[in-house]
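Observations on the three-dimensional arrangement
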Amino acid sequence: MQLFYHPLPENEAFLLNVEESHHCLKVLRKRVGDEIFVVDGKGTKITARITGIIGHQCRLEMVGKETGYGKKDYRLEVGIALPKNVHRLEWFVEKATELGADAIYPLRTERTERQRCNTERLHKIMIAAMKQSGRAYLPQLHAVTPFDRITEYVQPDMHNLIAVCGNYPHLKTIYRPLGSVLILIGPEGDFSEAEREKAVAGGFEPVSLGSARLRLETAALAVCSFVHLVNG
């Protein structure tokens, strides 16, 4: 099923943006009268009919709407330290979207060398990944968050975890199916001792991801894959 993206329209007739229209008309060779599927990134899937072409845009008319399309019974949120190589963050964001992440927090920690990221580019990558994986939900991409503010996002109804090196319980012994989770993944060299202590004091529980030394984006993806597979 080929999906297109458009924020939920206020009217039953609306225009698909130029980029999506190009893919629809020039790549997929859709024509007036064809029906396509449009998702809004918030769980709504629209069945729409192409009723005309205005300039370089498709004019669509809504013929059906499904809310809560693919809605999960749990939340998966990941805080990931900014990697030195921005392409590694882009790769993770793409894969996390495919695996159903609900929120991503790029973190600025004591040991991160990069201080910012291109959120507009990451948003485009997430849209493409959402469509490719047949999802209707787009993860919430937070602005770069200083680590000492992450405790503001602790929620009592979630597993609030911090992945660290050391002799701690493994994630698989802590996480329970259908449990909502916010997990923090540190930079190369791990979180500092002060950051660990602050996180624990703020409500995060330390967990291990195993004995292998993983790149930060690999560790974050391993968590997403684990939660996705456990929940079937």
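Notes on the structure follow. It should be emphasised that the depicted structure is a prediction, and the values quoted were computed from it without experimental measurement. (Residues numbered from 1 in each chain as written. Predicted model: local features only at pLDDT ≥ 70, side-chain atom pairs only at ≥ 80, totals over all residues. Heavy atoms only, no water.)

1. Structural notes on the overall build of the chain
We apply this condition: Secondary structure follows DSSP: runs of H or I at least 4 residues long count as helices, runs of E at least 2 residues long count as strands, and numbering of each begins at the N terminus. We call two residues in contact whenever any of their non-hydrogen atoms come within 4.5 Å of each other. Using a 1.4 Å probe, accessible areas were evaluated by the Shrake-Rupley method; residue-level cover was limited to the displayed protein chains. Neither His nor the chain termini are counted; the positive set is Lys and Arg, and the negative set is Asp and Glu. In this description, the location of a charge corresponds to atom NZ of lysine, CZ of arginine, CG of aspartate or CD of glutamate.
Of regular secondary structure, the chain possesses six helices and twelve strands. Dimensions along the principal axes, computed over C-alpha positions, put the chain at roughly 60 × 35 × 30 Å. Within the chain, counting contacts between residues at least 6 apart in sequence, those at least 24 apart form 71% of the total. Only carbon and sulfur atoms are counted for the fraction: they give 48% of the accessible area of the chain, which is about 11900 Å². Treating the 30 positive side-chain charges of the chain as one cloud and the 28 negative ones as another, the clouds have centres 5 Å apart.

2. Things to note about the environment of Phe37
Positionally, Phe37 belongs in strand S3 (residues 35-39). For the pair formed by Phe37 and Pro7, sequence separation is 30 residues and the distance between their alpha carbons is 13 Å.

3. Considerations on the packing of aromatic side chains
Note the following rule: Aromatic rings from Phe, Tyr and Trp, with only the six-membered ring used for Trp, were paired whenever their centres fell within 6.5 Å, and each pair was classed as stacked if the ring planes differed by under 30 degrees, edge-to-face if by over 60, and tilted otherwise. Burial classes follow relative accessibility: with a 1.4 Å probe on protein chains only, a residue under 20% of its type's maximum area counts as buried, one over 50% as exposed, and anything between as partly exposed. In this scheme, the term charge over a ring applies when either NZ of a lysine or CZ of an arginine sits within 6 Å of the ring centre and within 35 degrees of the ring normal.
If you walk through the whole model with that rule in mind, you get three aromatic pairs. A ring pair is formed by Tyr175 and Phe226, whose centres lie 6.1 Å apart and whose planes are at 70°; its orientation type is edge-to-face. Highlighted residues: Tyr175 in the loop between helix H4 (171-174) and strand S11 (181-185) and Phe226 in helix H6 (residues 216-230), separated in sequence by 51 residues. The exposure class of Tyr175 is buried, given its relative accessible area of 3%. The aromatic ring of Phe37 is capped on one face by Lys45, whose charged end is 4.9 Å from the ring centroid. Against the face of Tyr74 rests Lys72, its NZ or CZ located 5.1 Å from the ring centre.

4. Focus: helix H2 (residues 86-98)
Condition: Under the convention used throughout, the expected extent of a helix is 1.5 Å for every residue step, that is, one less than its residue count. Polar contacts here mean pairs of N or O atoms no more than 3.5 Å apart (in protein, one a potential hydrogen donor and the other a potential acceptor; neighbouring residues in sequence count only if both atoms are side-chain atoms).
Helix length check: H2, at 13 residues, gives a terminal C-alpha distance of 19 Å against a target of 18 Å (1.5 Å per residue), a fit within 8%. Listed in full, the buried residues belonging to H2 are Arg88, Leu89, Glu90, Phe92, Val93, Ala96 and Thr97. Close packing links the buried residues of H2 with strand S6 (76-81), strand S7 (103-108), helix H3 (119-132) and H6. Backbone nitrogen of His87 and a side-chain oxygen of the N-cap are separated by 2.9 Å at the start of H2; the cap is Asn85. One or two residues past the end of H2 sits Gly100, with phi positive at roughly 90°.

5. Brief notes about the side chain of Thr145
Residue placement: Thr145 occurs in strand S9 (residues 145-146). Looking at Thr145, its side chain comes within polar contact range of the main-chain oxygen of Ala143, at 2.9 Å. Thr145 has contacts with Tyr105, Pro106, Leu107, Arg108, Ile150 and Tyr153, leaving out every residue within four places of it along the chain.

6. What about the nonpolar core?
In a soluble, globular protein the nonpolar side chains are often hidden away together inside. Applicable threshold: Put simply, a nonpolar core is a bunch of buried Ala, Val, Leu, Ile, Met, Phe, Trp, Tyr and Cys residues held in one set by side-chain atoms that sit within 4.5 Å of each other.
Of all hydrophobic cores here, the largest spans 40 residues; its most connected members are Leu76, Val78, Ile80, Phe92, Ile183 and Ile185. Breaking this core down by element, the ones donating at least two residues are strand S1 (3-5), S6, H2, H3, strand S10 (159-163), H4, S11 and H6. The contacts of Ile185, once residues within four sequence positions are left out, are Val78, Gly79, Ile80, Ala81, Ala163, Phe191, Leu209, Leu216, Ala219, Ala220 and Val223.

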